[in-house]
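Examining the three-dimensional arrangement
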Amino acid sequence: MRALRILSRNIRDAFKNVFRNFSLSLASISCITITLIVVALAILLSENVNNFAKLVEKDVTIVVFLNREVTEEQIDDIHDNIEVLENVESITFQDKMSISKDMMESSEVFKNILGNYDRTENPIQDTFLVKVKEIEKIRKTADQIKEMEHVNIVKYGEGMVEQLVSMFNVVKKISIFMVLALIVVTAFLISNTIKITIFSRKREIEIMRLVGASNLNIKIPFLFEGLFLGIFGSIIPILGTIYGYTALYNNFNGQLFSPFIQLLKPEPFIYIISAILLGIGILVGMFGSSRAVKKHLKI
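Read on for an overview of the structure. (Residues numbered from 1 in each chain as written. Predicted model: local features only at pLDDT ≥ 70, side-chain atom pairs only at ≥ 80, totals over all residues. Heavy atoms only, no water.)

Brief notes about the overall build of the protein chain
Convention followed: Secondary structure elements are taken from DSSP: a helix is a run of H or I of four residues or more, a strand is a run of E of two residues or more, and numbering for both begins at the N terminus. Burial here depends on accessible area, computed with a 1.4 Å probe over protein chains only, as a share of the maximum for the residue type. Under 20% is buried, over 50% is exposed, and the range in between is partly exposed. Here, two residues are considered to be in contact whenever any of their heavy atoms come within 4.5 Å of each other. Here, Shrake-Rupley sampling with a 1.4 Å probe gives the accessible areas, and only protein chains in the shown set may cover a residue.
Helix and strand counts for the protein chain come out as 10 helices and 6 strands. Expressed as a percentage of its 299 residues, the buried residues of the protein chain come to 38%. At a minimum sequence separation of 6, the contacts of the protein chain that also span at least 24 residues come to 82%. Total accessible area computed for the protein chain in this model is approximately 17,600 Å², and 62% of it derives from carbon and sulfur atoms.

Set out below in C-alpha coordinates:
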(Lines give C-alpha, C1' and ligand atoms only; values in the text may rest on other atoms or scores of the structure.)
Protein backbone atom coordinates (compact mmCIF):
# COMPACT_ATOMS: atom_id res chain seq x y z
CA MET A 1 0.00 0.00 0.00
CA ARG A 2 2.82 2.37 0.88
CA ALA A 3 4.46 1.74 -2.50
CA LEU A 4 1.17 2.46 -4.28
CA ARG A 5 0.74 5.70 -2.34
CA ILE A 6 4.27 6.80 -3.26
CA LEU A 7 3.67 5.86 -6.91
CA SER A 8 0.35 7.72 -7.08
CA ARG A 9 1.95 10.78 -5.43
CA ASN A 10 4.79 10.75 -7.95
CA ILE A 11 2.33 10.50 -10.85
CA ARG A 12 0.23 13.36 -9.41
CA ASP A 13 3.27 15.56 -8.80
CA ALA A 14 4.66 14.83 -12.26
CA PHE A 15 1.35 15.81 -13.87
CA LYS A 16 1.27 19.05 -11.88
CA ASN A 17 4.90 19.85 -12.74
CA VAL A 18 4.13 19.59 -16.46
CA PHE A 19 1.70 22.52 -16.11
CA ARG A 20 3.71 24.30 -13.42
CA ASN A 21 6.61 24.66 -15.89
CA PHE A 22 4.25 25.17 -18.80
CA SER A 23 6.51 27.17 -21.15
CA LEU A 24 9.34 24.63 -20.98
CA SER A 25 6.92 21.72 -21.10
CA LEU A 26 5.33 23.26 -24.19
CA ALA A 27 8.75 23.36 -25.86
CA SER A 28 9.25 19.65 -25.16
CA ILE A 29 5.72 18.77 -26.30
CA SER A 30 6.17 20.80 -29.50
CA CYS A 31 9.44 19.03 -30.22
CA ILE A 32 7.80 15.63 -29.78
CA THR A 33 4.77 16.67 -31.85
CA ILE A 34 6.76 17.95 -34.83
CA THR A 35 9.04 14.93 -34.92
CA LEU A 36 6.19 12.43 -34.53
CA ILE A 37 4.35 14.09 -37.42
CA VAL A 38 7.41 13.47 -39.60
CA VAL A 39 7.67 9.91 -38.25
CA ALA A 40 3.97 9.34 -39.02
CA LEU A 41 4.42 10.59 -42.59
CA ALA A 42 7.48 8.34 -43.04
CA ILE A 43 5.61 5.28 -41.74
CA LEU A 44 2.52 6.00 -43.86
CA LEU A 45 4.67 6.46 -46.96
CA SER A 46 6.73 3.36 -46.21
CA GLU A 47 3.73 1.09 -45.63
CA ASN A 48 1.91 2.33 -48.73
CA VAL A 49 5.03 1.82 -50.86
CA ASN A 50 5.29 -1.71 -49.42
CA ASN A 51 1.63 -2.28 -50.25
CA PHE A 52 2.15 -1.04 -53.80
CA ALA A 53 5.18 -3.33 -54.13
CA LYS A 54 3.13 -6.32 -52.95
CA LEU A 55 0.34 -5.54 -55.44
CA VAL A 56 2.88 -5.31 -58.27
CA GLU A 57 4.52 -8.55 -57.17
CA LYS A 58 1.13 -10.23 -56.96
CA ASP A 59 0.33 -9.26 -60.56
CA VAL A 60 3.63 -10.47 -62.02
CA THR A 61 2.97 -13.65 -63.99
CA ILE A 62 5.18 -16.08 -65.89
CA VAL A 63 3.57 -16.81 -69.27
CA VAL A 64 4.56 -20.23 -70.60
CA PHE A 65 3.94 -20.76 -74.33
CA LEU A 66 3.79 -24.43 -75.35
CA ASN A 67 4.70 -25.98 -78.69
CA ARG A 68 1.79 -25.93 -81.16
CA GLU A 69 1.82 -29.71 -81.65
CA VAL A 70 1.67 -30.48 -77.91
CA THR A 71 -0.87 -33.15 -76.89
CA GLU A 72 -3.29 -33.10 -73.96
CA GLU A 73 -1.24 -35.79 -72.20
CA GLN A 74 1.92 -33.72 -72.58
CA ILE A 75 0.07 -30.65 -71.29
CA ASP A 76 -0.85 -32.60 -68.15
CA ASP A 77 2.79 -33.66 -67.71
CA ILE A 78 4.01 -30.07 -68.04
CA HIS A 79 1.39 -28.93 -65.52
CA ASP A 80 2.57 -31.54 -63.00
CA ASN A 81 6.23 -30.62 -63.55
CA ILE A 82 5.56 -26.90 -63.00
CA GLU A 83 3.35 -27.54 -59.97
CA VAL A 84 6.12 -29.30 -58.02
CA LEU A 85 8.55 -26.39 -58.40
CA GLU A 86 9.35 -24.81 -55.02
CA ASN A 87 8.52 -21.21 -55.91
CA VAL A 88 5.23 -21.84 -57.76
CA GLU A 89 2.08 -20.59 -56.03
CA SER A 90 -0.59 -21.25 -58.69
CA ILE A 91 -0.98 -22.40 -62.30
CA THR A 92 -3.72 -21.53 -64.78
CA PHE A 93 -4.01 -23.24 -68.15
CA GLN A 94 -5.32 -21.32 -71.16
CA ASP A 95 -6.44 -23.38 -74.15
CA LYS A 96 -5.55 -21.93 -77.56
CA MET A 97 -9.20 -22.02 -78.68
CA SER A 98 -10.41 -20.12 -75.63
CA ILE A 99 -7.65 -17.53 -76.19
CA SER A 100 -8.75 -17.20 -79.82
CA LYS A 101 -12.36 -16.79 -78.73
CA ASP A 102 -11.45 -13.99 -76.30
CA MET A 103 -9.40 -12.26 -78.98
CA MET A 104 -12.20 -12.50 -81.55
CA GLU A 105 -14.69 -11.06 -79.06
CA SER A 106 -12.39 -8.12 -78.41
CA SER A 107 -11.80 -7.12 -82.04
CA GLU A 108 -13.39 -7.55 -85.46
CA VAL A 109 -9.90 -7.75 -86.96
CA PHE A 110 -9.02 -10.80 -84.86
CA LYS A 111 -12.42 -12.28 -85.67
CA ASN A 112 -11.71 -12.09 -89.40
CA ILE A 113 -8.20 -13.52 -88.98
CA LEU A 114 -8.89 -16.34 -86.52
CA GLY A 115 -12.50 -17.19 -87.34
CA ASN A 116 -11.71 -19.91 -89.88
CA TYR A 117 -9.08 -21.84 -87.89
CA ASP A 118 -9.78 -25.12 -86.07
CA ARG A 119 -7.62 -26.42 -83.22
CA THR A 120 -5.02 -28.12 -85.45
CA GLU A 121 -4.55 -25.05 -87.69
CA ASN A 122 -4.84 -22.39 -84.98
CA PRO A 123 -1.62 -20.30 -84.86
CA ILE A 124 -2.23 -19.40 -81.21
CA GLN A 125 -0.26 -21.41 -78.64
CA ASP A 126 -1.60 -23.08 -75.50
CA THR A 127 -0.25 -21.31 -72.43
CA PHE A 128 0.22 -21.64 -68.70
CA LEU A 129 -0.02 -18.58 -66.42
CA VAL A 130 2.24 -19.17 -63.43
CA LYS A 131 2.17 -17.13 -60.20
CA VAL A 132 5.26 -17.29 -57.98
CA LYS A 133 5.59 -17.11 -54.19
CA GLU A 134 8.74 -14.98 -54.11
CA ILE A 135 9.27 -12.51 -56.93
CA GLU A 136 13.00 -12.32 -56.11
CA LYS A 137 13.32 -15.92 -57.37
CA ILE A 138 11.21 -15.46 -60.50
CA ARG A 139 14.17 -15.67 -62.90
CA LYS A 140 15.26 -19.02 -61.44
CA THR A 141 11.69 -20.36 -61.70
CA ALA A 142 11.35 -19.13 -65.30
CA ASP A 143 14.66 -20.81 -66.23
CA GLN A 144 13.50 -24.09 -64.69
CA ILE A 145 10.27 -23.99 -66.72
CA LYS A 146 12.16 -23.06 -69.90
CA GLU A 147 14.19 -26.27 -69.64
CA MET A 148 11.05 -28.45 -69.68
CA GLU A 149 10.15 -30.51 -72.74
CA HIS A 150 7.48 -29.10 -75.12
CA VAL A 151 7.88 -25.58 -73.70
CA ASN A 152 8.49 -23.08 -76.48
CA ILE A 153 8.85 -19.61 -74.90
CA VAL A 154 8.77 -18.31 -71.31
CA LYS A 155 8.07 -14.62 -70.65
CA TYR A 156 7.59 -12.66 -67.42
CA GLY A 157 8.76 -9.11 -68.22
CA GLU A 158 12.39 -9.96 -67.53
CA GLY A 159 14.61 -6.98 -66.91
CA MET A 160 11.79 -4.67 -65.83
CA VAL A 161 10.69 -7.00 -63.01
CA GLU A 162 14.22 -7.19 -61.58
CA GLN A 163 14.50 -3.38 -61.71
CA LEU A 164 11.17 -2.99 -59.88
CA VAL A 165 12.21 -5.48 -57.18
CA SER A 166 15.53 -3.67 -56.73
CA MET A 167 13.80 -0.27 -56.53
CA PHE A 168 11.23 -1.47 -53.98
CA ASN A 169 13.96 -2.99 -51.80
CA VAL A 170 15.87 0.31 -51.83
CA VAL A 171 12.71 2.28 -50.92
CA LYS A 172 11.93 -0.13 -48.06
CA LYS A 173 15.45 0.20 -46.62
CA ILE A 174 15.42 3.99 -46.92
CA SER A 175 11.99 4.19 -45.23
CA ILE A 176 13.11 1.97 -42.34
CA PHE A 177 16.32 3.99 -41.94
CA MET A 178 14.36 7.28 -41.96
CA VAL A 179 11.95 6.10 -39.25
CA LEU A 180 14.75 4.78 -37.01
CA ALA A 181 16.86 7.90 -37.56
CA LEU A 182 13.92 10.17 -36.70
CA ILE A 183 13.25 8.21 -33.51
CA VAL A 184 16.89 8.53 -32.43
CA VAL A 185 16.99 12.24 -33.31
CA THR A 186 13.72 12.76 -31.41
CA ALA A 187 15.13 11.06 -28.30
CA PHE A 188 18.16 13.37 -28.25
CA LEU A 189 16.14 16.50 -29.04
CA ILE A 190 13.76 15.67 -26.20
CA SER A 191 16.72 14.97 -23.94
CA ASN A 192 18.24 18.39 -24.65
CA THR A 193 14.89 20.17 -24.30
CA ILE A 194 14.04 18.42 -21.04
CA LYS A 195 17.58 19.14 -19.83
CA ILE A 196 16.69 22.84 -19.81
CA THR A 197 13.51 22.08 -17.89
CA ILE A 198 15.38 20.04 -15.30
CA PHE A 199 18.25 22.52 -15.04
CA SER A 200 15.77 25.25 -14.16
CA ARG A 201 14.68 23.04 -11.24
CA LYS A 202 18.17 22.29 -10.03
CA ARG A 203 17.46 23.88 -6.65
CA GLU A 204 14.42 21.65 -6.22
CA ILE A 205 16.58 18.57 -6.86
CA GLU A 206 19.27 19.79 -4.44
CA ILE A 207 16.62 20.14 -1.72
CA MET A 208 15.44 16.59 -2.41
CA ARG A 209 19.03 15.41 -1.98
CA LEU A 210 19.41 17.31 1.30
CA VAL A 211 16.34 15.63 2.80
CA GLY A 212 17.82 12.24 1.95
CA ALA A 213 16.00 11.35 -1.28
CA SER A 214 17.72 8.60 -3.23
CA ASN A 215 18.69 8.89 -6.88
CA LEU A 216 15.75 6.66 -7.80
CA ASN A 217 13.26 8.80 -5.87
CA ILE A 218 14.58 11.88 -7.65
CA LYS A 219 14.42 10.28 -11.09
CA ILE A 220 10.95 8.72 -10.87
CA PRO A 221 8.93 12.01 -10.95
CA PHE A 222 10.95 13.17 -13.97
CA LEU A 223 10.36 9.84 -15.72
CA PHE A 224 6.62 10.30 -15.26
CA GLU A 225 6.94 13.87 -16.53
CA GLY A 226 8.63 12.47 -19.63
CA LEU A 227 5.77 9.98 -19.99
CA PHE A 228 3.16 12.75 -19.82
CA LEU A 229 5.13 14.92 -22.24
CA GLY A 230 5.24 11.97 -24.64
CA ILE A 231 1.50 11.40 -24.34
CA PHE A 232 0.63 15.08 -24.86
CA GLY A 233 3.10 15.33 -27.75
CA SER A 234 1.48 12.32 -29.44
CA ILE A 235 -2.06 13.70 -29.47
CA ILE A 236 -1.81 15.91 -32.58
CA PRO A 237 0.16 13.34 -34.67
CA ILE A 238 -2.36 10.62 -33.72
CA LEU A 239 -5.38 12.79 -34.60
CA GLY A 240 -3.67 13.88 -37.81
CA THR A 241 -2.98 10.26 -38.73
CA ILE A 242 -6.53 9.06 -38.02
CA TYR A 243 -8.49 11.90 -39.59
CA GLY A 244 -5.94 13.04 -42.17
CA TYR A 245 -5.27 9.62 -43.68
CA THR A 246 -8.97 8.69 -43.63
CA ALA A 247 -9.82 11.94 -45.47
CA LEU A 248 -7.04 11.31 -48.00
CA TYR A 249 -8.28 7.74 -48.61
CA ASN A 250 -11.91 8.82 -49.02
CA ASN A 251 -11.16 11.84 -51.23
CA PHE A 252 -9.07 9.79 -53.65
CA ASN A 253 -11.31 6.67 -53.47
CA GLY A 254 -8.51 4.53 -52.10
CA GLN A 255 -6.08 5.20 -54.93
CA LEU A 256 -3.35 7.69 -55.77
CA PHE A 257 -2.99 9.17 -59.28
CA SER A 258 -4.28 5.95 -60.93
CA PRO A 259 -6.13 2.71 -60.06
CA PHE A 260 -2.75 0.99 -60.30
CA ILE A 261 -1.53 2.69 -57.07
CA GLN A 262 -3.86 1.46 -54.32
CA LEU A 263 -3.71 2.96 -50.81
CA LEU A 264 -3.96 0.81 -47.71
CA LYS A 265 -7.42 0.77 -46.12
CA PRO A 266 -7.57 3.10 -43.08
CA GLU A 267 -8.77 0.48 -40.60
CA PRO A 268 -7.03 -1.04 -38.72
CA PHE A 269 -3.93 0.57 -40.30
CA ILE A 270 -4.43 4.04 -38.74
CA TYR A 271 -4.94 2.57 -35.26
CA ILE A 272 -1.76 0.50 -35.49
CA ILE A 273 0.18 3.62 -36.56
CA SER A 274 -1.44 5.60 -33.73
CA ALA A 275 -0.36 2.99 -31.19
CA ILE A 276 3.18 3.09 -32.59
CA LEU A 277 3.27 6.90 -32.36
CA LEU A 278 2.00 6.83 -28.78
CA GLY A 279 4.60 4.21 -27.86
CA ILE A 280 7.40 6.19 -29.50
CA GLY A 281 6.26 9.40 -27.78
CA ILE A 282 6.22 7.75 -24.34
CA LEU A 283 9.55 5.98 -24.83
CA VAL A 284 11.45 9.02 -26.13
CA GLY A 285 9.88 11.24 -23.45
CA MET A 286 10.93 8.88 -20.64
CA PHE A 287 14.34 8.25 -22.23
CA GLY A 288 14.92 11.97 -22.67
CA SER A 289 14.03 12.65 -19.04
CA SER A 290 16.17 9.80 -17.75
CA ARG A 291 19.16 10.84 -19.86
CA ALA A 292 18.84 14.50 -18.89
CA VAL A 293 18.63 13.74 -15.16
CA LYS A 294 21.40 11.15 -15.16
CA LYS A 295 23.91 12.73 -17.51
CA HIS A 296 23.47 16.46 -17.15
CA LEU A 297 22.74 16.70 -13.42
CA LYS A 298 25.14 13.87 -12.57
CA ILE A 299 22.85 12.12 -10.16
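From this point, things continue past the structure.
Brief notes about a negative patch on the surface
Here is the rule: A residue counts toward a patch only above 30% relative accessible area and without a salt bridge, and it is joined to like-charged neighbours within 9 Å or, for Val, Leu, Ile, Met, Phe, Trp and Tyr, to nonpolar neighbours within 5 Å. Each reported salt bridge corresponds to a side-chain nitrogen of Lys or Arg within 4 Å of a carboxyl oxygen of Asp or Glu. Charge assignment: positive for Lys and Arg, negative for Asp and Glu; neither His nor the chain ends contribute. For the purpose of locating charges, the reference atoms are NZ of Lys, CZ of Arg, CG of Asp and CD of Glu.
A grouping of Glu 72, Glu 73, Asp 76, Asp 77, Asp 80 and Glu 83 is seen on the molecular surface, where their side chains present a negatively charged patch. The residue Glu 72 is located in helix 3 (residues 72-83) in this model. Given the relative accessible area of 62%, Glu 72 is considered exposed.

Here we look at a nonpolar patch on the surface
Together, Ile 37, Leu 41, Ile 235, Ile 236, Leu 239 and Tyr 243 make up an exposed nonpolar region whose accessible area comes to about 600 Å². When contributions to the nonpolar patch are tallied by element, the ones reaching two or more residues are helix 2 (22-59) and helix 9 (215-251). Here the nonpolar patch gets 4 residues from one element, more than from any other, and that element is helix 9. Locating Ile 37 in the fold gives a position in helix 2. Taking relative accessible area as the criterion, Ile 37 reaches 34% and is therefore assigned partly exposed.

Considering the pairing of strand 1 (residues 62-66)
Which entries qualify depends on this criterion: Here the rule is simple: two strands pair whenever DSSP picks up at least two bridges between them.
Where burial is concerned, the two faces of strand 1 differ: the one with Ile 62, Val 64 and Leu 66 is buried and the one with Val 63 and Phe 65 is not. Direction of pairing for strand 1 relative to strand 3 (residues 127-132): antiparallel, over a ladder of 4 bridges. In the strand pairing of strand 3, Ile 62 is matched with Val 130. Here strand 1 runs beside strand 4 (residues 151-155); their pairing, made up of 4 bridges, is antiparallel.

A word on the sheet that holds strand 2 (residues 88-94)
We count it as follows: To define axes, lines are fitted to C-alpha atoms, for helices over the stretch in contact only, and angles between the resulting N-to-C directions are given on a 0 to 180 degree scale.
Strand order in this open sheet of 4 strands is 2-3-1-4, and the pairing throughout is antiparallel. The open sheet has two edge strands, strand 2 and strand 4, and neither has a second partner. Looking at each pair of strands side by side, their axes are set apart by 20° on average, direction ignored.

Some details on helix 6 (residues 138-146)
The following threshold applies: For this quantity, the arc is that covered by the directions from the helix axis to the C-beta atoms.
Every buried residue belonging to helix 6 is among Ile 138, Thr 141, Ala 142 and Ile 145, and all of these are buried. Along the axis of helix 6, the buried residues cluster in a sector spanning 100°; they form a single face.

Comments concerning unusual backbone geometry
Omega for the bond connecting Glu 267 with Pro 268 falls within 30 degrees of zero, at 0°, which places this linkage in the cis form. We note that His 150 has phi near 75°; this positive angle belongs to a residue other than glycine. Take His 150: it is sitting in the loop between helix 6 and strand 4. Note on His 150: relative accessible area 24%, which makes it partly exposed.

Focus: the pairing of strand 3
Of the pairings in the sheet, the one linking strand 2 to strand 3 comprises 6 bridges and is antiparallel in character. Bridging from a neighbouring strand, Ser 90 pairs with Lys 131 of strand 3.

Brief notes about helix 3
Rule in force here: What a helix is expected to span follows from its residue count: subtract one and scale by 1.5 Å.
With 12 residues, helix 3 extends 16 Å between its outermost C-alpha atoms, agreeing within 8% with the 16 Å of an ideal straight helix rising 1.5 Å per residue. Residues of helix 3 that are buried: Ile 75, Ile 78 and Ile 82. Angularly, the buried residues of helix 3 cover 60° about the axis, an arc narrow enough to put them on a single face. Here the buried face of helix 3 lies against strand 1, strand 2, strand 3, helix 6 and strand 4.

Topic: the packing of aromatic side chains
Going by this rule: The pairing test for Phe, Tyr and Trp rings, Trp by its six-membered ring, is centres within 6.5 Å, and the orientation test on the planes gives stacked under 30 degrees, edge-to-face over 60, and tilted for anything in between.
Enumeration according to the criterion identifies 2 aromatic pairs in this entry. Between Phe 93 and Phe 128, the ring centres sit 5.2 Å apart and the planes meet at 55°, which makes this aromatic pair tilted. Here Phe 93 is found in strand 2, whereas its partner Phe 128 is found in strand 3, with 35 residues between them in sequence. Take Phe 93: its relative accessible area is 34%, and that puts it in the partly exposed class.

Regarding the side chain of Ser 274
Where we set the bar: Polar contact criterion, stated in full: a pair of N or O atoms within 3.5 Å, where within protein one must be able to donate a hydrogen and the other to accept it, and residues adjacent in sequence count only if both atoms are side-chain atoms.
Within the fold, Ser 274 resides in helix 10 (residues 266-296). At 2.7 Å, the side chain of Ser 274 forms a polar contact with the backbone oxygen of Ile 270. Apart from residues lying up to four places away in sequence, Ser 274 is in contact with Ile 238, Thr 241 and Ile 242.

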